[in-house]
Amino acid sequence: MTVPDFDIGPHLERHKKKGPPKYPPLSEVLKIVPKIHGHVCTASYLGARMALLAVKHLDLKRKKDLAAAVEILTCAADGIASATTCSFGSGRLVFLDHGKFSCIFCNWMTGKAVRVSLVPEIDKEHIEFGTRLRDFYVKLKERSMEEAEAAREELDTHERGLIEKWHKMSDDDLFIIKEVEVNPEDLKYPLDQQYIPEPVKCANCGELTEKLKTLKINGDRLCKPCAGEFKLREI
Ligand SMILES: [Zn+2]
Ligand SMILES: [Zn+2]
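A count of helical and extended segments in the chain gives eight helices and nine strands. When its C-alpha atoms are laid out on the principal axes, the chain stretches across 60 × 55 × 45 Å. Out of the 235 residues belonging to the chain, those deemed buried represent 24%.

Below you can see the structure in the form of structure tokens.
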């Protein structure tokens, strides 16, 4: 077995820059998006712009004071992460299952928050594209390779056209931004979901598991997979 053969030190430097945080311009964010998302698509593009618009309004002193809560599970989350460093792993990107293409951004230190949503016309054309994309995946199995490739190409043209059109539009033409009152605690994952403050051994697999996440079955504490709540089997 080999181990990594480079110096880890430089990668562990913490950023201690003074002054308000600098967010990269859109041109730079769009280079980051494919690194974490694989490509720039409609939703990641819109997410990146929503985030860059929101941070202008929040008087942030540090990047880590920003939380983002997406109100739908789409590629927008990765556009937002690319622009802001709010990520699932940092606990600062939260999923609110509201089924709306919107995002709430909040400065934890001050409680100031804004909600960014799409202008109805933009929302409509984005949903129309999303519906075509969903149909493409639904019908994928029935199609020949050639048919699938032709359909995909049509979709790519549609998507490219939308992004190029939006790229010529101002934030005012694309987004509605409103200051909102929200409980900042609702915009971060509770600490007990990020750490294991009260470890117990699962009676079946023996792995240390946060007690709150275990189930008591016939007097035994079991982790969720061992309790059958999640199908997972070693092979
Ligand atoms: Zn995407
Ligand atoms: Zn277990």
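Now for the domain arrangement of the chain. How large an interface is tends to be reported as the accessible area lost when its parts come together. Segmenting the chain into domains produces domain 1 (21-123 + 152-189) and domain 2 (192-227). When each unit is reduced to the centre of its C-alpha atoms, the spacing between domain 1 and domain 2 is 35 Å.

To continue, consider unusual backbone geometry. The residue Asp 59 is not glycine, and still its phi comes out positive at about 45°. With respect to the helices and strands, the residue Asp 59 is situated in the loop between α2 (42-55) and β1 (66-70). Since 12 C-beta atoms lie within 10 Å of it, Asp 59 is described here as exposed. Even without being a glycine, Asn 218 presents a positive backbone phi close to 50°.

In regular strands, side chains alternate between the two faces of the sheet. The buried fraction of strand β4 (residues 113-118) is high, at five of six residues. Examined bridge by bridge, strand β3 (residues 102-107) and β4 share five bridges and lie antiparallel to one another. Across the sheet, Ile 104 pairs through a bridge with Arg 115, a residue of β4. Following β3, the chain reverses through five residues before pairing antiparallel with β4; Gly 111 in that reversal takes a positive phi of roughly 85°. Relative to strand β5 (residues 175-180), β4 runs antiparallel, the two being bridged by six bridges. From the neighbouring strand, Arg 115 faces β5, where its bridge partner is Lys 178.

This paragraph deals with helix α1 (residues 26-37). Helical geometry note: an α-helix holds 3.6 residues per turn, so side chains three or four residues apart project in the same direction. End to end, α1 covers 16 Å across 12 residues, agreeing with the expected 16 Å (1.5 Å per residue, within 8%). Three or more residues of α1 are buried, namely Val 29, Leu 30 and Val 33. For α1, the angular spread of buried residues about the axis comes to 100°, placing them on one side. Opposite its buried face, α1 presents the exposed residues Ser 27, Glu 28, Lys 31 and Lys 35, each directed more than 90 degrees away.

How each quantity is defined
Residues numbered from 1 in each chain as written. Chains lettered and ligands numbered in written order. Predicted model: local features only at pLDDT ≥ 70, side-chain atom pairs only at ≥ 80, totals over all residues. Helix = DSSP H or I, 4+ residues; strand = E, 2+ residues; numbered from the N terminus. Buried ≥ 20, exposed ≤ 12 C-beta atoms within 10 Å, placed from the backbone. Domains from an automatic or database assignment. Pairing = 2+ DSSP bridges. Expected span 1.5 Å × (residues − 1). Arc of directions from axis to C-beta.

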